[in-house]
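The chain contents come next:
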Amino acid sequence: MVNANYEYTQHLMGTTVSLMLLEPNETAVQSVFETIKILEYKLTVNRPLSEVMSINLAAGQHPVTVSRPVFSLIEQAQKVSLHFNSCFNLAIGPLVKLWKIGFQGDQVPSVKLIKQQLLLTDPKNIELDANKHTVFLKKTGMEIDLGAIAKGYIADVIKSILLQYQVYKGIINLGGNVFALGSSLTDDNGYWHIGLRKPFSTDDKLSGVIKVINKSVVTSGIYERFFIQNGHLYHHIFDPQTGYPLDNELESVTVISDSSLEGDIYSTVFYGWGLDKSREYLQKHPNLSAIFLLKNKTIALVNPNNFIFQKSDKQYTIKL
Ligand code: ADP
Ligand code: MG
Ligand code: MG
């Protein structure tokens, strides 16, 4: 999608991060990329020295003091996990590490190992002290994993940095986690055009285009990180109850919202709930919208008042 003339990209957070602006702004861009590096360094579980890893390495031993943003993100993630414990769980780390999906050596683990790791994923065993900003994982082997919300959180931070630099229009793309800031100048009605990838397409085909003004557009799907063993597809969003990748009718869920953190939380939660339960929830929350791509090649648009969707693939049929 050519939405804006000035594009800046860097490989960060294991993905291609890009900023598209209407006018060049080196200072704003530099500040954005610096901030992403700092936050990634604090939040990742793929480096031993991150703040989150220092919490994980002290599991079962002692509380760890962390910075304010990390504490606040963990606090929110724990709340969501306790509230939506059936499908969203920030303590999912031991399972992520066991399955290694998307990394070298990914394979279906033994039932025994899955059961063992499941015992280490209770979010109630994360003890937070809001005065001291400490986090304590009560059992040895527990691990926090913020993979399902970090990009959303970072997208919101980037948005506020751009606004500080008086950049009011542009696209923040953190590898599928998009914030369309303000309105676009290339569309008569001011809509930004965001491509929605066709699941499993090898040549970057789109299933459609999402048109929004000043919204976050976050997609969780089974086609980004997965492996196939004995004809079965294993992807990277887990069912915290079973320890296996969630198995349902969905290929992807896209959430359109004002906050990207919220979008990232709900894209994972809705993936876990499936279409019917998510639709029920969305009917009570009209400020959130979602696009569900189903394995049977239908597309469900829920609360389509906040966006326009234009299908671009014949294989799919839209159902409201
Ligand atoms: P994406 O990686 O495409 O942004 P999500 O936002 O749904 O997709 O995040 C998936 C990541 O979240 C996984 O790679 C893993 O690190 C973590 N994760 C996997 N299953 C769960 C779950 N049930 N609850 C919370 N986090 C999860
Ligand atoms: Mg995400
Ligand atoms: Mg998510």
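Structure: above.
How each quantity is defined
Residues numbered from 1 in each chain as written. Chains lettered and ligands numbered in written order. Predicted model: local features only at pLDDT ≥ 70, side-chain atom pairs only at ≥ 80, totals over all residues. Heavy atoms only, no water. Near = heavy atom within 4 Å. Polar contact = N/O pair within 3.5 Å; in protein donor to acceptor, adjacent residues only side chain to side chain. Areas by Shrake-Rupley, 256 points an atom, 1.4 Å probe, with all protein chains shown as cover. Nonpolar A, V, L, I, M, F, W, Y, C, P; charged D, E, K, R; others polar. Axes fitted to C-alpha atoms, helices over the stretch in contact; angles between N-to-C directions. Helix = DSSP H or I, 4+ residues; strand = E, 2+ residues; numbered from the N terminus. Parallel < 35°, antiparallel > 145°, perpendicular 65-115°, else oblique. Left-handed = near helix turned anticlockwise from the far one by under 90°. Contact = heavy atoms within 4.5 Å. Salt bridge = Lys/Arg side-chain N within 4 Å of Asp/Glu carboxyl O. Donors = N, O, S within 2.8 Å, 3.2 Å for Na, K, Ca; no water. Buried < 20%, exposed > 50% of the residue type's maximum accessible area, 1.4 Å probe, protein only.

(A) The site of ligand 1, seen in detail. The local shell around ligand 1 holds 17 residues, among which C87, N89, S220, F238 and T268 are the closest. Contact between ligand 1 and C87: a nitrogen atom at 2.8 Å from a main-chain N or O atom of the residue. Here an oxygen atom of ligand 1 and a backbone polar atom of A148 are 3.1 Å apart. If ligand 1 stood free it would expose 560 Å²; the protein chains cover 94% of that surface. Classifying every residue of the shell around ligand 1 gives eight nonpolar, five polar and four charged.

(B) Highlighting the packing of helix 1 (residues 26-43) against helix 6 (residues 150-164). Across the interface, helix 1 lies against helix 6 with an axial gap of 10 Å and an inter-helix angle of 150°. The angle between the axes of helix 1 and helix 6 places the two elements in the roughly antiparallel class. The handedness of the crossing between helix 1 and helix 6 comes out as right-handed. Facing A28, S31, V32, T35, I36, L39 and L43 of helix 1, the residues of helix 6 in contact are A150, Y153, I154, V157, I158, I161 and L162. Grouping the amino acids of the contact of helix 1 with helix 6 by side-chain chemistry returns twelve nonpolar, two polar and no charged.

(C) Structural view of the packing of helix 6 against helix 7 (residues 260-273). It is the contact of helix 6 with helix 7, at a shortest axis distance of 7 Å, that shows an interaxial angle of 165°. Comparing the axis directions of helix 6 and helix 7 gives the class roughly antiparallel. You can see that helix 6 and helix 7 cross each other, and the crossing is right-handed. Contacts from A150, K151, G152, Y153, A155 and D156 in helix 6 reach S260, L261 and D264 in helix 7.

(D) Region of interest: the pattern of salt bridges. Across all of its chains, the model carries nine salt bridges by this definition. K42 is the salt-bridge partner of E51, the closest N and O atoms lying 3.3 Å from each other. Where D258 meets K215, a salt bridge forms, and the shortest distance between an N and an O atom there is 2.8 Å. In this pair, D258 is assigned in the loop between strand 13 (250-257) and helix 7 and K215 in strand 10 (residues 215-221), connecting sequence segments 43 residues apart.

(E) View of the coordination of the magnesium ion (ligand 3). Those protein atoms acting as donors to the magnesium ion (ligand 3) are A148 (O), D264 (O), D264 (OD) and T268 (OG1), and they sit at 2.2 to 2.5 Å. Between the magnesium ion (ligand 3) and the magnesium ion (ligand 2), a spacing of 3.3 Å is present, and a bridge between the two is formed by D264. One end of the pair, A148, is in the loop between strand 5 (134-137) and helix 6; the other, T268, is in helix 7, and 120 residues separate them in sequence. The exposure class of T268 is buried, given its relative accessible area of 9%.

(F) Main features of the environment of N248. By the secondary structure assignment, N248 is in the loop between strand 12 (232-235) and strand 13. Between the alpha carbons of N248 and Y165 there is a distance of 43 Å; along the sequence they are 83 residues apart. Beyond its immediate stretch of four places on either side in the chain, N248 contacts Y271, G272, G274 and K295. There is a polar contact of 2.7 Å between the side chain of N248 and the backbone oxygen of Y271.

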